[in-house]
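Secondary and tertiary structure notes
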Amino acid sequence: MAASLDIICGMRKKHSNSGVIMLVIICTVFVASIVWGLMLVGSPADALAQKLDEHRLRDIDELHWELESHVASTGSLPETIEEIDTYKRFLDPRTGEPYTYKQVHTLEYEVCVTYETVTTGNSDAYSRVPKGDYIDRSHEIGEVCYTRVILNTEDRGNIIIR
């Protein structure tokens with residue numbers, strides 16, 4: 001009877017150890033899966049930074065449309081971004097500050113934005129803005145300034161403006 005009790009206790013001991021080992025293996029696989037997933041798709045903070053940069057790129061395009069409309073109605077670029085009725089739309093999504101804008105020449109302006117991610121040249125790296133102009137949307141982390149020209153309709157072509 002004592003021998004059978006030792007066998008049962010020994011089995012429990014072995015069963016108990018194998019349970020701990022199995023738990024360690026499951027936890028290791030679980031943690032490794034999470035780490036691998038984050039490496040594959042990035043962290044939530046990376047995804048947010050990417051979305052904010054996409055918002056900034058859309059803002060640059062929309063600002064160009066607004067500036068074209070302003071030039072069409074007034075004949076010149078505004079001296080400040082505040083002269084555009086919708087300028088409050090053109091605020092950095094993270095800081096809430098307006099983008100840096102300045103008139104360079106009569107129909108040439110510069111707008112600067114601060115990016116949080118890197119975008120390299122790919123099929124989505126170019127943005128088609130009004131009437132056939134293209135802007136190179138690839139950028140590094142940090143402030144990037146774009147100099148753009150509002151062209152007359154007859155002067156337009158498929159050009160890249162940086």
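The text that follows walks through the structure, step by step, so that each part is easy to find.

Thresholds, definitions, all that
Residues numbered from 1 in each chain as written. Predicted model: local features only at pLDDT ≥ 70, side-chain atom pairs only at ≥ 80, totals over all residues. Heavy atoms only, no water. Pairing = 2+ DSSP bridges. Helix = DSSP H or I, 4+ residues; strand = E, 2+ residues; numbered from the N terminus. Axes fitted to C-alpha atoms, helices over the stretch in contact; angles between N-to-C directions. Buried < 20%, exposed > 50% of the residue type's maximum accessible area, 1.4 Å probe, protein only. Contact = heavy atoms within 4.5 Å. Core = buried A, V, L, I, M, F, W, Y, C linked by side-chain atoms within 4.5 Å. Salt bridge = Lys/Arg side-chain N within 4 Å of Asp/Glu carboxyl O.

Here the focus is the sheet that holds strand β5 (residues 142-149). Pairing in this open sheet of three strands is antiparallel, and the strands run β1-β2-β5 from one edge to the other. Both outer strands of the open sheet, β1 (100-105) and β5, are each paired with one neighbouring strand and no more. Going across the sheet, the axis of each strand differs from the next one's by a mean of 25°, ignoring polarity.

Right, let's talk about the environment of P98 for a bit. Turning to its location among the elements, P98 is positioned in the loop between α2 (44-74) and β1. You can call P98 partly exposed: its relative accessible area is 34%. What P98 contacts, discounting residues up to four positions off in sequence, is F90 and L91.

L63, L67, L77, Y109, Y115 and Y146 are the most contacted members of the largest nonpolar core, which has 18 residues in total. Listed by contribution, the elements that provide at least two residues to this core are α2, β2 (108-115) and β5. With five residues, the top contributor of residues to this core is α2. Excluding residues within four positions of it along the chain, L67 makes contact with L77, P78, I84, Y101, Y109 and I150.

Below, the discussion takes up the pattern of salt bridges. Under the counting rule described, the total for this entry stands at eight salt bridges. Of the charged contacts in the structure, one is a salt bridge between E54 and K51, with a shortest N-O distance of 3.9 Å. Separated by three residues within a single helix, E54 and K51 lie in helix α2, roughly one turn from each other. Judged by relative accessible area, E54 falls into the partly exposed class, the value being 29%. K102 serves as the salt-bridge partner of E110, at 3.9 Å between the closest nitrogen and oxygen. Taking the relative accessible area as the measure of exposure, E110 reaches 18% and is therefore buried. A single network of salt bridges, built from pairs that share partners, joins D53, R56, D92, R94 and E116.

Counting buried residues in β2 gives six out of eight residues, a clear majority hidden from the surface. Here β1 runs beside β2; their pairing, made up of five bridges, is antiparallel. Along β2, the bridge assignment pairs T100 with C112. Between the antiparallel neighbours β1 and β2 lie two residues. Where β2 lies against β5, eight bridges are found, and the strand directions are antiparallel. Each bridged residue has a counterpart across the sheet, and for Y109 the counterpart in β5 is R148.

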